[in-house]
Amino acid sequence: MVVQALKDQGVDTVFGYPGGAVLPIYDEIFQQNDIRHILVRHEQAAIHAAEGYARSTGKPGVALVTSGPGATNAVTGLTDALMDSIPLVVLSGQVPTFMIGSDAFQEADTVGITRPCTKHNWLVRDTVKLSSVIHQAFHVATSGRPGPVLVDIPKDVQFASADYTPKPQAPTGHYRPQVKGDMETITQLVEAIETAERPVFYTGGGVINSGPGASQLLRELVEATGFPITSTLMGLGAYPASGRAWLGMLGMHGLYEANLAMHGCDLMINLGARFDDRITGRIDAFSPRSKKAHVDIDPSSINKVIKADMPIVGDIAHVLEDVLKIWKARGRRVNREALARWWQQIEEWRKVKCLTYKPSETTIKPQYALQRLEALTKDRDRYICTEVGQHQMWAAQFLGFEDPNRWMTSGGLGTMGYGFPASIGVQVAHPQALVINVAGEASWLMNMQEMGTAMQFRLPVKQFILNNERLGMVRQWQQLLHGERYSQSWSEALPDFVKLAEAFGAKGIQCADPADLDDAIMEMLAYDGPVIFDCLVEKHENCFPMIPSGEPHNKMLLGDAKATNAIAGKGAVMV
């Protein structure tokens, strides 16, 4: 019943780890060949791999875990997927129904534990309802704002028999999120587009979640209006990095011109972003003179953080289609004279060149490493994952994304250990593509056991580790905000990553000289198998620009000297 439901939902891959409470399902998986099972080495990795699969394909990811510790190990991944709106269906085993509540072996209250970190979850006590619930789970995971769901299946329910409920007969009418926006408010937005003097598009992961059609409509609207566009970390790729209207990423480590455009705009058009604190900075100082339109399929996101003047609940693709239709019918008007002045101002901000860093002939700067990685891989069929930390922000700053679904990172939860298993999920979904996980050595070690999965399934994932022997972002905050008291932020007893790779049967490469970097990267790309690339970088490089915690989003630190002065109270860079 479980396997048939997955087949009917078009599932071709399941990430999981077996245990006693799911052995009946694993026995059934053994007896069929339509669904491929990827054996991970830890249940958290199963969820992150399913996230990578989902984010890179647009299809829901599926994971299968056992009861008790199997389910609790999945909680971090479920929370990560909930924060970043990733569609997942997780099936967990449970002790038999007659043993629930008796503290049986490997029992945990999975439904209770996962209620806060899923869109919805089910404990199926009746086999008659099992197939119907699984179909409902896929519907909930993928409809409206996507997210993770969990179906907890007791072992006696797995052993029992019942009639199978086909997908079309499963009741899903009770969950029908609104997809069409209010036409009156959309018309107000069009009127604002026609008269705005300093407009900006502020886009998020919701554009990508809406599907490729939303990204195409966004590109058409940006090109037609000539408005500048910026994006959150999760929205990179919805508009091409090479596009003439692209300002770069905004937020805590976003670009100077993007943050100042958001601060100085008179019309902010938020498409599928949730006004995260990493974007807004101090809320009472966030873009104080702008009218704000907020388009989101999740009504709970509207007015939760920032009050919207034009709130529009609906699917991004549907709303953009209506915006374009009305705007074209009204004559395609924009305030061109004011827009030209706005672009002049933006060009002045761009001249600051906020990503400039001091190069070195003897030490690899992390920014340089990513610039070379970008130059040598940008023309390939490439997917990028990251761990969490400085390297993640540098990757967002220095790597360019031309298309959606090419960038997999943990945004809302900031989960160290995400990138490696996510890269496995991406590689499974795209076996011929180049999949690179940009990592920090500390983050990468959190799920290093997945080298076993990469080797078992011959997945040629490239682990590009920017090794500064530090918990880089923690160390940076301690330097700038905590009086240079480096409490527990230096990585001690690191492994030899080359020997570690070889111990798993993979290839290890180490590079410490900038002059050797290009050749080493090409060696990594040429190897037909998993690679751990140990890139030894400057240990105390800081990631700028940076909005200090608690400061407004137009108050940015642009470099070490200026940052030191600002922290010392001598004045920050502020416009």
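Residues numbered from 1 in each chain as written. Predicted model: local features only at pLDDT ≥ 70, side-chain atom pairs only at ≥ 80, totals over all residues. Heavy atoms only, no water.

### Remarks on the UniProt feature "domain: Thiamine pyrophosphate enzyme TPP-binding" (unreviewed entry) in the protein chain
Next, step 1: UniProt records the feature "domain: Thiamine pyrophosphate enzyme TPP-binding" (unreviewed entry) at residues 388–535, using the numbering of this structure.
Next, step 2: Across residues 388–535 one finds 39% helix and 17% strand; the C-alpha atoms that close the span lie 17 Å apart. (UniProt positions renumbered as here; feature names shortened; annotations may be inferred. Helix = DSSP H or I, 4+ residues; strand = E, 2+ residues; numbered from the N terminus.)

### Considerations on the pattern of salt bridges
Next, step 1: Taken as a whole and assessed by the stated rule, the structure comprises 21 salt bridges.
Next, step 2: The partner of Lys180 in a salt bridge is Asp322, with the nearest N and O atoms 3.3 Å apart. Taken together, the positions of Lys180 in the loop between helix H8 (155–159) and helix H9 (183–195) and Asp322 in helix H14 (residues 316–329) put the pair 142 residues apart, joining distant regions of the chain.
Next, step 3: The exposure class of Lys180 is partly exposed, given its relative accessible area of 41%.
Next, step 4: Take Asp322: its relative accessible area is 4%, and that puts it in the buried class.
Next, step 5: Here Glu374 and Arg382 are joined by a salt bridge, their closest N and O atoms 2.9 Å apart. For the pair Glu374 and Arg382, a shared accessibility class is recorded, and that class is buried.
Next, step 6: Because the salt bridges share partners, they merge into one network encompassing Glu191, Glu194, Arg330 and Arg333. (Salt bridge = Lys/Arg side-chain N within 4 Å of Asp/Glu carboxyl O. Buried < 20%, exposed > 50% of the residue type's maximum accessible area, 1.4 Å probe, protein only.)

### A few points about the UniProt feature "domain: Thiamine pyrophosphate enzyme central" (unreviewed entry) in the protein chain
Next, step 1: Taken from the UniProt record, the annotation "domain: Thiamine pyrophosphate enzyme central" (unreviewed entry) applies to residues 186–322.
Next, step 2: Within the segment residues 186–322, helix and strand shares are 36% and 20% respectively, and the terminal C-alpha atoms sit 7 Å apart.

### Things to note about the domain arrangement of the protein chain
Next, step 1: Split into domains, the protein chain comes out as domain 1 (2–169), domain 2 (183–350) and domain 3 (366–536).
Next, step 2: Contacts between the two partners involve 25 residues from domain 1 and, on the opposite side, 27 residues from domain 3.
Next, step 3: With both chains or domains summed, domain 1 and domain 3 bury close to 2000 Å², and 61% of this area falls on carbon and sulfur atoms.
Next, step 4: Contact with domain 3 buries area across many residues of domain 1, yet Arg41, Arg55 and Ser56 alone supply 27% of it, more than any other trio.
Next, step 5: The tally of links from domain 1 across to domain 3 stands at zero salt bridges.
Next, step 6: Counting across the interface, domain 1 meets domain 3 through 12 residue pairs in polar contact (both at pLDDT 80 or more).
Next, step 7: Among the secondary structure elements, those contributing two or more residues to the side of domain 1 that touches domain 3 are strand E1 (13–16), strand E2 (36–39), helix H3 (43–57) and helix H5 (75–84). (Domains from an automatic or database assignment. Contact = heavy atoms within 4.5 Å. Buried area = accessible area lost by both parts, 1.4 Å probe. Polar contact = N/O pair within 3.5 Å; in protein donor to acceptor, adjacent residues only side chain to side chain.)

### Here we look at the pairing of strand E11 (residues 291–296)
Next, step 1: Burial within E11 is extensive, with five of its six residues counted as buried.
Next, step 2: As paired strands, strand E10 (residues 267–271) and E11 are joined by five bridges and run parallel to one another. Counted as the bridge partner of Leu271 is Val295 from E11.
Next, step 3: In the sheet, E11 pairs with strand E12 (residues 310–313) via four bridges, with the strands oriented parallel. Directly across from Asp296, in E12, lies its bridge partner Val313. (Pairing = 2+ DSSP bridges.)

### Observations regarding helix H16 (residues 366–377)
Next, step 1: Between its terminal C-alpha atoms H16 stretches 16 Å, which fits the 16 Å expected from 12 residues at 1.5 Å a residue.
Next, step 2: Among all positions in H16, only Pro366, Gln367, Ala369, Leu370, Leu373, Glu374 and Thr377 are buried. Taken end-on, H16 shows its buried residues confined to a sector of 160°, consistent with a single buried face.
Next, step 3: On its buried face, H16 is in contact with strand E13 (382–386), helix H17 (390–398), strand E15 (434–440), strand E16 (462–467), helix H23 (517–526) and strand E18 (531–536). (Expected span 1.5 Å × (residues − 1). Arc of directions from axis to C-beta.)

### Considerations on the sheet that holds E11
Neighbouring strands of a sheet are bound in pairs by backbone hydrogen bonds; such pairs are parallel or else antiparallel.
Next, step 1: Strand order in this open sheet of six strands is E9-E8-E7-E10-E11-E12, and the pairing throughout is parallel. Each of the sheet's edge strands pairs with one partner strand only, and the pair in question is strand E9 (246–249) and E12. For this sheet the average axis-to-axis angle between neighbouring strands, irrespective of direction, equals 15°.
Next, step 2: This element, helix H15 (residues 336–350), spans strand E7 (199–203) and E9 of the sheet and lies at about 45° to E9. (Axes fitted to C-alpha atoms, helices over the stretch in contact; angles between N-to-C directions.)

### What about the sheet that holds E2?
Next, step 1: In spatial order, the strands read E2-E1-E3-E4-E6-E5; together these six strands make up an open sheet with parallel pairing. At either end of the open sheet lies a strand with only one pairing partner, and these are E2 and strand E5 (120–123). Direction aside, neighbouring strands of the sheet carry axes that sit 20° apart on average.
Next, step 2: For strand E3 (residues 61–65) and strand E4 (residues 88–94), the ladder comprises five bridges, and the chain directions are parallel. Paired with Val65 across the strands is Ser92, a residue of E4.
Next, step 3: Strands in contact with H3 are E1, E3 and E4; relative to E3, the strand with the most contacts, it is inclined by about 165°.
Next, step 4: Contacts from helix H7 (residues 130–142) reach E3, E4, E5 and strand E6 (148–154) within the one sheet, and its direction differs from that of E6 by about 165°.

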